[in-house]
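Overview (structure and organization)
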Amino acid sequence: MKTAISTDKAPAAIGPYSQAIEVNGMIYTSGVIPVVPATGVIPEGVEAQAEQAIGNLAALLEAAGTSTAQVIKTTVFIKDMNDFGKINEIYAKYFTGTYPARSCVEVARLPKDVLIEIEAVAVK
């Protein structure tokens, strides 16, 4: 059985998908972008966008009854691989201890032309 998870503390879905789904105690998030949920504003610069996107992901995980400490896998999509180091610095503030497995790929374009998108799989 699957359960949809949603929160107004992370950007709303901009298409026919759920913010996250829970199945058998596992949380699967959709990609989360750096939109300030209350205003719809997208911060300027890769550091600010990484902070917002990962903060939004953390809020979504909290709404699902888990946290970044319980994440086992992330996928990070970035506009420019030259920003990898800057994004890692922000990422390391949220994911500590035993880091989750991760893939990071450079992509041609992301929704709303943001610089980063992140998704995760976590245990509850």
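Residues numbered from 1 in each chain as written. Predicted model: local features only at pLDDT ≥ 70, side-chain atom pairs only at ≥ 80, totals over all residues. Heavy atoms only, no water.

An unreviewed UniProt entry lists the protein under the name Enamine/imine deaminase, with Robinsoniella peoriensis given as the organism.

Remarks on the overall build of the protein
Quick note on the threshold: Labels follow the DSSP assignment, with helices taken as runs of H or I lasting at least four residues and strands as runs of E lasting at least two, numbered in each case from the N terminus. As a reference, a globule follows 2.2 Å times the number of residues to the power 0.38, and the radius of gyration itself is taken over C-alpha atoms. Burial classes follow relative accessibility: with a 1.4 Å probe on protein chains only, a residue under 20% of its type's maximum area counts as buried, one over 50% as exposed, and anything between as partly exposed. A contact between two residues is defined here by any heavy atoms of the two lying within 4.5 Å. In these tables, accessible area is a Shrake-Rupley quantity obtained with a 1.4 Å probe, and a residue counts as shielded only by the protein chains included in the view. Neither His nor the chain ends contribute to the count of charged residues, in which Lys and Arg are positive and Asp and Glu negative. To locate a charge, take atom NZ for lysine, CZ for arginine, CG for aspartate or CD for glutamate.
Counting its regular elements, the protein contains two helices and six strands. When the helices and strands of the protein are read in sequence order from the N terminus, they spell out β-β-β-α-β-α-β-β. Computed over the C-alpha atoms, the radius of gyration of the protein is 13 Å, within 12% of the 14 Å expected from 2.2 N^0.38 for a compact globule of 124 residues. Each principal axis of the C-alpha atoms in the protein carries an extent, and together these give about 40 × 30 × 25 Å. Relative to its 124 residues, the protein shows a buried fraction of 40%. Across the protein, every contact between residues at least 6 apart in sequence was considered, and the portion connecting residues at least 24 apart equals 68%. Approximately 6600 Å² of the protein is accessible, and the part contributed by carbon and sulfur atoms is 53%. Considering the protein, the positive charge centre built from 10 side chains and the negative charge centre built from 13 side chains are found 5 Å apart.

A short note on the pairing of strand 6 (residues 116-123)
We count it as follows: One bridge is not enough; two strands pair if DSSP finds at least two bridges between them.
Taking burial as the measure, the eight residues of strand 6 include six buried ones, the bulk of the element. Relative to strand 6, strand 3 (residues 26-29) runs antiparallel, the two sharing three bridges. Note that in strand 6 the partner of Met 26 across the bridge is Val 123. Sheet topology places strand 4 (residues 71-78) next to strand 6; seven bridges connect them, and they run antiparallel. Residue pairing for strand 6: Thr 74 is matched across the bridge by Ala 120.

What about the packing of aromatic side chains?
A ring pair, where both rings are aromatic, is described by two values, the distance of the centres and the angle of the planes. Condition: Aromatic pairs are defined between Phe, Tyr and Trp rings, using the six-membered ring for Trp, whenever the two ring centres lie within 6.5 Å; interplanar angles under 30 degrees are classed as stacked, those over 60 as edge-to-face, and all others as tilted. Charges are assigned to positions over rings by a cutoff of 6 Å between ring centre and Lys NZ or Arg CZ, combined with an angular limit of 35 degrees from the ring normal.
What the rule picks out here adds up to one aromatic pair. Above the face of the Tyr 91 ring, Arg 102 is positioned so that its terminal group lies 4.5 Å from the ring centre.

Details of the nonpolar core
Inclusion rule: We call a set of buried Ala, Val, Leu, Ile, Met, Phe, Trp, Tyr and Cys residues a nonpolar core when their side-chain atoms join them within 4.5 Å.
Residues Ile 27, Leu 57, Val 76, Ile 87, Phe 95, Ile 116 and Ile 118 are the most contacted members of the largest nonpolar core, which totals 24 residues. Elements represented by at least two residues in this core include exactly helix 1 (46-63), strand 4, helix 2 (84-94) and strand 6. Top element by residues in this core is helix 1. It accounts for seven residues.

Things to note about the environment of Leu 61
As for its placement among the helices and strands, Leu 61 is situated in helix 1. Overall, the relative accessible area of 0% leaves Leu 61 in the buried class. Taking the C-alpha atoms as reference, Leu 61 lies 8.0 Å from Ala 122; in sequence the two are 61 residues apart. In contact with Leu 61, other than residues within four places in its own chain, are Ile 27, Thr 29, Thr 66, Ser 67, Thr 68, Val 71 and Ala 122.

Points about the pattern of salt bridges
Cut-off, in case you're wondering: Any Lys or Arg side-chain nitrogen located within 4 Å of an Asp or Glu carboxyl oxygen qualifies as a salt bridge.
The tally for this structure, following the rule as stated, stands at three salt bridges. A salt bridge links Glu 22 to Lys 124; the nearest nitrogen and oxygen atoms lie 3.2 Å apart. Highlighted residues: Glu 22 in strand 2 (residues 20-23) and Lys 124 in the segment after strand 6, separated in sequence by 102 residues. Taking the relative accessible area as the measure of exposure, Lys 124 reaches 52% and is therefore exposed.

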